[in-house]
Amino acid sequence: MNTPTPYLRIQHLRKSFGSFIALDDISLEIKEGEFICFLGPSGCGKTTLLRAIAGLEQQEQGRIVQAGQDISTLPPQQRDFGIVFQSYALFPNLTVSENIAYGLANMRLPRRERRQRVEALLEQIHLPGIGDKFPGQLSGGQQQRVALARALATEPGLLLLDEPLSALDARVRLHLRNEICALQRKFGITTIMVTHDQDEALTMADRIVVMDHGRIAQVGTPEEVYRQPATEFVARFVGSMNLMPAEVLDHCSLMLGSREVKVPMTLPVCERGTLGFRPECAQLQSAPFGLSSDHNLVLQARLDHVHFMGAFVRLEMMLDEELPPIHMDLPVEQMSSLKPSVGESLWLSVPREALKFYPAESPGHGEVLPRSIEADLPQDMAAMQVTGA
């Protein structure tokens, strides 16, 4: 069976700003119709990578191939994409309709067809009848919908979203998340979204590209990235994770603080590392009866704090004074039946498949990228000349 040719292929991309390496040998393949999220902290290179794809930053090395065409050195206006910025980047002196139709002017579409397309897009973003208003008369959420409609107006092959929801309040952000996903599925457009919000990435993406210091730390489905974090950085950044520094004694024994602990897994050959598991993966018992150390990590710890979180209860357990507290998330019903007391010594178990061990890494390279480099630039829209590219 032949593997379909990727719609977008990025090969060995490198970009630096002075001595700072923003993109360090980035290679990635994206299928047609995929929704991809570039996820990572500020300064990891995710926005620089998006801007390189758009032609707003020129890489020093590497190739970008879109739909079989090498676009590595093409200017933005000759590339096939629509883009939505965090800051909306709407033209304040143009009406909503004129903003949406801005990219259609260079396509020489008849005025009637342009008007019909604008009206159809306003319907699709659930803002019919506002075509004569100006951006300043709209809320932030409405402006971002108009920016999205403008990016889609030229029917581009690729949609780029640069933190499009981060300037909005939580309620509007959640609503727009759903709208963006619905529009992406309806148009079937290949989409790349930059975000530092793990919830956005986990709920919206087909695949997540986690970035760290200009490199790709992991690529996978939301479930793969969450359940099988490839590195300690990914484990720390995506979701909550108990991570305990450990000294390796042999292939199945660790020192956690001052305690020697048997683990139900084969440890790699190294001196030190980090043992990790998700808070919801641990089970709580008042006694160790029925707990097999062949299939579970079994620990005895003191209950220090109980935090009610609404749908669940988070327990803070102290295994050793030298270690950070262990967090456990339990359903409220289970907590009610167990009724543990603060200060009580309890047993917890973690199944083998939920455990992760990360050998100690050498100190990370790179530095935090100044926000000014990663920021949206007002002249981006003017540089592209058309909204859709």
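For clarity, every value in this text was computed on a predicted model and none was experimentally measured.

**Student:** Could you give an account of the sheet that holds strand S9 (residues 207-212), with specific residues and numbers?
**Tutor:** With respect to topology, 6 strands assemble into an open sheet ordered S6-S7-S8-S3-S9-S10, the strand pairing being mixed. Since the sheet does not close on itself, it has two edges, and those belong to strand S6 (82-84) and strand S10 (215-220), each with one partner. Neighbouring strand axes in the sheet, compared pairwise and without regard to direction, differ in orientation by 15 degrees on average. Most of the contacts of helix H1 (residues 46-54) go to strand S7 (residues 158-162), to which it runs at about 145 degrees, and overall it touches strand S3 (35-39), S6, S7, strand S8 (190-195) and S9. Sheet contacts for helix H4 (residues 140-153): S6 and S7; angle to S6, the most-contacted strand, approximately 170 degrees.

**Student:** Got a sec to walk through the sheet that holds strand S17 (residues 312-318)? Specific residues and values, please.
**Tutor:** Within the open sheet, the 5 strands sit side by side as S15-S19-S16-S17-S18. Their pairing is antiparallel. Either end of the sheet is taken by a strand with one partner, and the two such strands are strand S15 (283-285) and strand S18 (326-331). Along the sheet, successive strands turn relative to each other by an average axial angle of 45 degrees, direction set aside. Bridging between S17 and S18 involves 6 bridges; their strand directions are antiparallel. Across the sheet, the residue bridging to Glu316 is His327, located in S18.

**Student:** Any chance you could break down the packing of aromatic side chains for me, citing the residues and the numbers?
**Tutor:** The geometry of an aromatic ring pair comes down to the distance between the two centres and the angle between the two planes. Applying the stated rule across the entire model yields 2 aromatic pairs. Measuring from centroid to centroid gives 4.7 Å for Phe91 and Tyr102, while their planes differ by 50 degrees, and the two rings are tilted. Residue Phe91 is found in the loop between S6 and helix H2 (96-101), and its partner Tyr102 is found in the loop between H2 and helix H3 (111-124); the two are separated by 11 residues along the sequence. Pairing Phe233 with Phe237 gives two aromatic rings, centres 5.8 Å apart and planes at 10 degrees, and the pair type is stacked. A residue pair is termed a helical-turn pair when its members lie 3 or 4 positions apart in one helix, as Phe233 and Phe237 do in helix H8 (residues 232-237) at 4 residues. Positioned above the aromatic ring of Phe17, the side-chain terminus of Lys15 is 5.2 Å from the ring centre. The ring of Tyr226 has Arg278 sitting right over it, with the charged end atom 4.1 Å from the ring centre.

**Student:** Give a detailed account of the UniProt feature "domain: ABC transporter" (unreviewed entry) in the protein, specifying residues and quantitative values.
**Tutor:** This chain's UniProt record puts "domain: ABC transporter" (unreviewed entry) on residues 8-238. Secondary structure within residues 8-238 divides into 35% helix and 26% strand; the distance between the first and last C-alpha atoms comes to 25 Å.

**Student:** Pulling in residues and values, what's your account of the side chain of Arg207?
**Tutor:** Note on placement: Arg207 falls in strand S9. Among the polar contacts made by the side chain of Arg207, one reaches the main-chain carbonyl oxygen of Glu29 at a distance of 2.7 Å.

**Student:** Give a detailed account of the packing of H4 against helix H5 (residues 170-187), specifying residues and quantitative values.
**Tutor:** The contact between H4 and H5 brings their axes to 11 Å, and the two run at 15 degrees. Considering their axes alone, H4 and H5 lie roughly parallel with respect to each other. For the crossing formed where H4 meets H5, the hand is right-handed. On H5, the residues touching Gly141, Gln144, Arg145, Leu148 and Leu152 of H4 are Val172, His175, Leu176, Glu179, Ile180, Leu183 and Phe187. When the residues that make up the contact of H4 with H5 are grouped by side-chain class, the tally is 7 nonpolar, 3 polar and 2 charged.

**Student:** So what about the nonpolar core? Which residues, and what values?
**Tutor:** In this structure, Ile100, Leu122, Val146, Leu148 and Leu161 are the most contacted members of the largest nonpolar core, which totals 44 residues. Take this core: its biggest share by element is 7 residues, from H4. Ala282, Ala301, Leu315 and Phe357 belong to the second largest nonpolar core, which has 31 residues in total.

**Student:** How would you summarise the pairing of strand S13 (residues 259-262) if you had to cite specific residues and measurements?
**Tutor:** Pairing between strand S12 (residues 253-256) and S13: 4 bridges, direction antiparallel. Bridged to Met255 within S13 is Glu260. The hairpin formed by S12 and S13 contains 2 residues between the paired strands, and Gly257 there has a positive phi angle of roughly 65 degrees.

**Student:** Could you give an account of the pattern of salt bridges, naming the residues involved and the relevant values?
**Tutor:** The final tally for this structure, using the stated rule, is 16 salt bridges. A salt bridge links Arg117 to Glu113; its shortest N-O distance comes to 3.9 Å. Residue Arg117 and its partner Glu113 are both found in helix H3; the two are separated by 4 residues, about one turn of the helix. Across the pair Arg302 and Glu321 runs a salt bridge whose closest N-O atoms are separated by 3.5 Å. Of this pair, Arg302 sits in strand S16 (residues 296-308) while Glu321 sits in the loop between S17 and S18, and the two are 19 residues apart along the sequence. Through salt bridges with shared partners, a single network forms among Arg14, Asp24 and Arg215.

What counts, and at which threshold
Numbers given to residues run from 1 along each chain, matching the order in which its sequence is written. Where local features are concerned, this predicted model is filtered to residues with pLDDT of at least 70; where side-chain atom pairs are given and counted, the filter is 80 or more; whole-chain, interface and lining totals use all residues. Note that water and hydrogens are dropped before the side-chain values are worked out from all heavy atoms of the structure. A pair of strands is labelled paired if DSSP reports no fewer than 2 bridges between them. A helix here means a DSSP run of H or I that spans at least four residues, while a strand means a run of E at least two residues long, and both kinds are numbered starting from the N terminus. Here, axes are lines fitted to C-alpha atoms. For helices the fit covers the stretch in contact, and angles between N-to-C directions go from 0 to 180 degrees. Contact criterion: two residues are considered in contact whenever any of their non-hydrogen atoms come within 4.5 Å of each other. Between rings of Phe, Tyr and Trp, where Trp is taken as its six-membered ring, a pair exists when centres lie within 6.5 Å; planes separated by under 30 degrees are stacked, by over 60 edge-to-face, and by other angles tilted. Here, a charge over a ring is recorded when the distance from Lys NZ or Arg CZ to the ring centre is within 6 Å and its angle to the ring normal is within 35 degrees. UniProt positions are given in the numbering used here, feature names are shortened, and annotations may be inferred rather than shown by experiment. Pairs of N or O atoms within 3.5 Å make up the polar contacts considered here, provided that, within protein, one atom can donate a hydrogen while the other can accept it, and that residues adjacent in sequence are counted only when both atoms are side-chain atoms. By the definition adopted for this analysis, an angle is roughly parallel if under 35 degrees, roughly antiparallel if over 145, roughly perpendicular if from 65 to 115, and oblique otherwise. Throughout, a crossing is termed right-handed when the near helix is turned clockwise from the far one, and left-handed when it is turned anticlockwise from it by less than a right angle. Here the term charged refers only to Asp, Glu, Lys and Arg, the term nonpolar to Ala, Val, Leu, Ile, Met, Phe, Trp, Tyr, Cys and Pro, and the term polar to all other amino acids, Gly among them. Buried Ala, Val, Leu, Ile, Met, Phe, Trp, Tyr and Cys residues that are joined via side-chain atoms within 4.5 Å together make up what is termed a nonpolar core. When a residue's accessible area, from a 1.4 Å probe over protein chains only, is under 20% of the maximum for its type it is buried; when over 50% it is exposed; and in between it is partly exposed. By salt bridge we mean one thing: a side-chain nitrogen of Lys or Arg within 4 Å of a carboxyl oxygen of Asp or Glu.

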